[in-house]
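The lines below spell out each chain.
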Amino acid sequence: MSIDRAGLPGDRIELRGLRVFGHHGVFDFEKRDGQEFVVDLTLWTDFTAAAKSDDIADTVHYGELAEQVVRIVAGESKDLIETVVSDIADEVMADARVQAVEVVLHKPFAPIPHSFEDVRVVTSRRREPEE
């Protein structure tokens, strides 16, 4: 297993541009009408067992990972996207094979009365090394 400078496995899974319709926001119309959110996710794990066995059971299944994210974003309405991005990170870290995760939640249609490209919140989690 290769290790990067931060002490994480050099192996990672990246899921980019996952589009999910959700009802998050502080305004009533956001909760009522909903909007599209976009999720980018990077998780660090060790591919050693999966590479050796060539078995999906020995890795983090990115299809199931996408389903977890969709369930959260399309699920219960939250006021803050900071809450949603944290829920995603915590859910991903529930898998003991995941050493760290970074989650970016984009809200490209945020109700801002000015021209803008994107609003995004970013969070990360890292498993503490065992001593």
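These lines cover the structure that appears in this document, whether it is placed above or below. Everything quoted here is computed from the prediction, not taken from an experiment. (Residues numbered from 1 in each chain as written. Predicted model: local features only at pLDDT ≥ 70, side-chain atom pairs only at ≥ 80, totals over all residues. Heavy atoms only, no water.)

**Here's the deal with the environment of Val26**
Then, in step 1: You can see Val26 is positioned in the loop between strand E1 (11-22) and helix H1 (28-33).
Then, in step 2: For Val26 and Ser86, which are 60 residues apart along the polypeptide, the C-alpha to C-alpha distance reads 17 Å.
Then, in step 3: Not counting residues up to four positions away in its chain, the partners in contact with Val26 are Asp79 and Leu80. (Helix = DSSP H or I, 4+ residues; strand = E, 2+ residues; numbered from the N terminus. Contact = heavy atoms within 4.5 Å.)

**Some points on the pairing of strand E3 (residues 100-106)**
Consecutive residues of a regular strand have side chains that alternate between opposite faces of the sheet.
Then, in step 1: In terms of residue burial, E3 counts as a mostly covered element, since six of its seven residues are buried.
Then, in step 2: Two strands pair when backbone bridges link them, and strand E2 (residues 35-45) and E3 are joined in this way by seven bridges, in the antiparallel orientation. Among the inter-strand pairings, Asp40 is bridged to a residue of E3, identified as Val104.
Then, in step 3: Sheet analysis places E3 next to strand E4 (residues 120-126), joined by seven bridges and oriented antiparallel. Counterpart to Glu102 in the pairing with E4 is Ser124. (Buried < 20%, exposed > 50% of the residue type's maximum accessible area, 1.4 Å probe, protein only. Pairing = 2+ DSSP bridges.)

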